[in-house]
Amino acid sequence: MYDVVLLTLGSERDAPGGCGSGGACCGGATGTDTDPTSQTDTGQTSSDQTDTGQTDTEQCATERPRVPVLACADALNARGARVETVTARSDAEIDAVLARFDGPARPDGLTWPDPDSKTRLVVATASDGQLRAVLRRLVKRYAPAPSKRPADLAGNRTLPDLPPVAVLPLDPARGGTHRDLAAQLGLPRDPAAVAAAVLDGTPRRLDLLRNDGGSVTLDGALLGAADDAGRPLHWRARVEVDDTILTDGAEPLLACAVGNAGRYATLNDVALLTAPDPADGQVEVAVAVPVVVRSAWGRKRVRLEVRRARGRAVSVLPREGKVPYLDDGVEGELTRKRSWWVEPGAWAVWSI
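None of the values given here were measured: they were computed from a predicted structure. Residue positions within a chain follow its written sequence, with the count starting from 1. Under the rules for a predicted model, residues below a pLDDT of 70 receive no local features and side-chain atom pairs below 80 are neither given nor counted, while totals for whole chains, interfaces and linings still include all residues. Side-chain calculation: all heavy atoms of the structure are included, whereas hydrogens and water are not.

## Some remarks on the overall build of the chain
A count of helical and extended segments in the chain gives six helices and 18 strands. Each residue is assigned to one of three classes by its accessible area relative to the maximum for its type, calculated with a 1.4 Å probe on protein chains only: buried under 20%, partly exposed between the two thresholds, exposed over 50%. Across the 352 residues that make up the chain, the buried fraction comes to 50%. The long-range share in the chain, meaning contacts at least 24 apart out of those at least 6 apart in sequence, stands at 70%. On the chain, roughly 16,100 Å² of surface is accessible, and the fraction owed to carbon and sulfur atoms is 49%. Helix and strand assignments come from DSSP, with helices taken as H or I runs of at least 4 residues and strands as E runs of at least 2, each series counted from the N terminus. Should any heavy atoms of two residues lie within 4.5 Å, those residues are considered in contact. Using the Shrake-Rupley algorithm and a 1.4 Å probe, accessible areas are obtained, with residue cover drawn only from the displayed protein chains.

Quick look at the structure:
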């Protein structure tokens, strides 16, 4: 029977600098962490204050295992699995859990995941950003430096197959209108069904987007901003997908969507991405460009032109100021060029 680790992050904060991003959360950040994902593109670390007015320390001091976590643990125990629940409040504590998936020592000295591990991981997530935080630490652990690239690594990858994870959503509402990644992938939400997937399911391999900011994207990113009334604001950037230039940065944009799955596929009911597929080895990208057209009577109106492309990599180079974005639900600001590339089948979820 399997050993199962049920991992919960110790804070529901998703902003850069929160749990799973940087050295610590829950008021424990030391300020000395150099992980590039612990800062926004402007170089500023995030505040320790939550939206509720509580500090992370106050919030974490009262944390207890959530009901879905306890229910999943009970279901696993009933099947004979050895279950350990872990609450990680820093990257170091996440890393201590992930170290259990290390394989035997390699002659080249690289740390590699064990494909025959009898330990399985369940990540309890209050948001897609928390799941991303765990995947980011897996990448940091197992991706070799370019100078140490081994011969047995696939030519279209920069990291080995990551250990599969089971996803235990903590918010049932995100399976409805505002769907999270688990809902988009059709993964079980009921704790007993999640336990069954862990013990009886098979790994479903999915593409991973890495970026040159040191992070990863599981679902997608939406770049752009809106005013107080919700109207999209104009901004400019050069957007390239492989050898295709969607915009050179001279014209205004309303939005740019970088999609691995489907959450960021629309803008005000306009389809940006047509068929993002998290397992096709490609990223789908779209830009929304406002175009002024004249009617037969000479009247001007603005039409939204959507340009799309698919490929292995995408780059976005802002032409002026800061470009706000959401990446797996995590807010940030882009001030310099950002590139994403596809790692085909790099991560996996337990699925039935």
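Moving on from the model shown.
## Some details on the pairing of strand S5 (residues 202-211)
Whether two strands pair comes down to DSSP finding at least two bridges between them. Here nine bridges tie S5 to strand S18 (residues 338-351), and the two strands are oriented antiparallel to one another. Bridge pairing in S18 links Leu208 to Glu343. Where S5 and strand S6 (residues 216-217) come together, two bridges link them in antiparallel fashion. Along S6, the bridge assignment pairs Arg210 with Val216. Hairpin connection from S5 to S6: four residues lie between these consecutive antiparallel strands, with Gly214 at a positive phi of about 90°.

## Digging into the pattern of salt bridges
When charged atoms on two side chains of opposite charge get close, those side chains can pair. Whenever a carboxyl oxygen of Asp or Glu lies within 4 Å of a side-chain nitrogen of Lys or Arg, that contact is scored as a salt bridge. Taken as a whole, this structure holds 22 salt bridges when the rule is applied. A salt bridge links Asp327 to Arg132; its shortest N-O distance comes to 3.4 Å. Taken together, the residues Asp327 in strand S16 (residues 323-327) and Arg132 in helix H4 (residues 128-142) connect sequence positions 195 residues apart. Like Arg132, Asp327 is buried. The residue Glu251 makes a salt bridge to Arg307 at a minimum N-O spacing of 2.5 Å. One end of the pair, Glu251, is in the loop between strand S9 (244-248) and strand S10 (255-259); the other, Arg307, is in strand S14 (residues 300-311), with 56 residues separating them in the sequence.

## Regarding empty space enclosed by the protein
Definitions used throughout: a 1 Å grid over protein atoms alone; a cavity as a set of points that fits a 1.4 Å probe which cannot get out; a pocket as an open set with protein on both sides within 12 Å along at least five of seven lines; a lining residue as one with an atom within 4 Å of a point. Grid points are joined across faces, edges and corners, and a volume is the space filled by probe spheres set on the points. Going through the model one piece at a time under the given rule, you end up with two cavities of 30 Å³ or more. Of the volumes computed, that of the largest cavity is approximately 100 Å³. Residue assignment for the lining of the largest cavity shows that the elements contributing at least two residues are H4, strand S4 (165-169) and helix H5 (181-184). For the lining of the largest cavity, the per-class residue count stands at 10 nonpolar, two polar and five charged. By volume, the second largest cavity is sized at about 40 Å³. The wall of the second largest cavity is formed by Ala166, Val167, Leu187, Pro188, Val194, Ala197 and Trp350. Of all the secondary-structure elements, those providing two or more residues to the lining of the second largest cavity are S4 and helix H6 (191-200). Think of it as three bins: nonpolar holds Ala, Val, Leu, Ile, Met, Phe, Trp, Tyr, Cys and Pro, charged holds Asp, Glu, Lys and Arg, and polar takes everything else, Gly as well. Tallied by class, the residues present in the lining of the second largest cavity amount to seven nonpolar, no polar and no charged.

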